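Structural features, examined
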Amino acid sequence: MLGSEVYAVVARIPPGKVATYGQVAELAGYAGRARQVGYALAALIDDAGVPWHRVINTRGQVSARSHTKLHELQRHLLECEGIVFVNDRVDLDESRWQPDEPWAGGDD
DNA sequence: GCAGTGACTAGTA
DNA sequence: ATACTAGCCACTG
């Protein structure tokens, strides 16, 4: 299940930082499958406890959903986290999560 | 198994 | 800068 790995990676994204789908996908072991990451995240939202809002696209923008207003919530949450939105987008150069040690701590 | 869809990304014009 | 195309692959009917 994509969700399980995506869950683990997203859960490691620190507050005040954001990660891209491709980044999460790669760390989760699904490099190149960014799309499936987004798909999996949608399922994770149904479950709670995952900072899914810290996952955005490579443009630094929150990706629009199909029917929900979750993207508005996502931006709000990110602003609360300390993310700075400029022209409706995030400065990835500053706010992008740079996992020096993606599995730091080993494995819990 | 086939076709359609989707919270994506990179390339080309 | 935007618009369009192609590739990616899991989920659903």
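Placed above this text is the structure.
Residues numbered from 1 in each chain as written. Chains lettered and ligands numbered in written order. Predicted model: local features only at pLDDT ≥ 70, side-chain atom pairs only at ≥ 80, totals over all residues. Heavy atoms only, no water.

**Some points on the protein's contact with DNA strand B**
Lining the immediate environment of DNA strand B, one finds 17 residues, of which Tyr21, Arg35, Gln36, Ile45 and Ser66 sit closest. A share of 46% of the atoms of DNA strand B within 4 Å of the protein falls on sugar and phosphate groups. Between DNA strand B and threonine 58 there is a distance of 3.2 Å, counted from a phosphate oxygen to a backbone nitrogen or oxygen. For the surface near DNA strand B, the secondary-structure elements that each account for two or more residues are helix H2 (21-28) and helix H3 (34-46). Grouping the constituent residues of the surface near DNA strand B by class yields 8 nonpolar, 7 polar and 2 charged. (Near = heavy atom within 4 Å. Polar contact = N/O pair within 3.5 Å; in protein donor to acceptor, adjacent residues only side chain to side chain. Helix = DSSP H or I, 4+ residues; strand = E, 2+ residues; numbered from the N terminus. Nonpolar A, V, L, I, M, F, W, Y, C, P; charged D, E, K, R; others polar.)

**Topic: the layout of surface pockets**
In this structure, the largest pocket encloses a volume near 370 Å³. For the largest pocket, the lining is made up of 15 residues, of which Tyr21, Gly38, Ala42, Ser63 and Arg65 are closest to its centre. In terms of residue count, the dominant contributor to the lining of the largest pocket is H3 (5 residues). Looking at the lining of the largest pocket residue by residue, the class counts come to 9 nonpolar, 5 polar and 1 charged. (1 Å grid on protein atoms, 1.4 Å probe; cavity = no way out; pocket = protein on both sides within 12 Å on 5 of 7 lines; lining within 4 Å. Points joined across faces, edges and corners; volume = space filled by probe spheres on them.)

**Digging into the packing of helix H1 (residues 2-10) against H2**
Close contact between H1 and H2 brings their axes to 9 Å; oriented N to C, the two are set at 110°. When the axis of H1 is compared with that of H2, the two are roughly perpendicular. Classified by chirality, the crossing of H2 by H1 is right-handed. Counting all contacts with H1, which are made through Glu5, Val6, Val9 and Val10, the residues of H2 involved are Val24, Leu27 and Ala28. In terms of residue class, the contact of H1 with H2 is made up of 6 nonpolar, no polar and 1 charged. (Axes fitted to C-alpha atoms, helices over the stretch in contact; angles between N-to-C directions. Parallel < 35°, antiparallel > 145°, perpendicular 65-115°, else oblique. Left-handed = near helix turned anticlockwise from the far one by under 90°. Contact = heavy atoms within 4.5 Å.)

Everything listed here is a matter of coordinates, which is why it stays silent on function.
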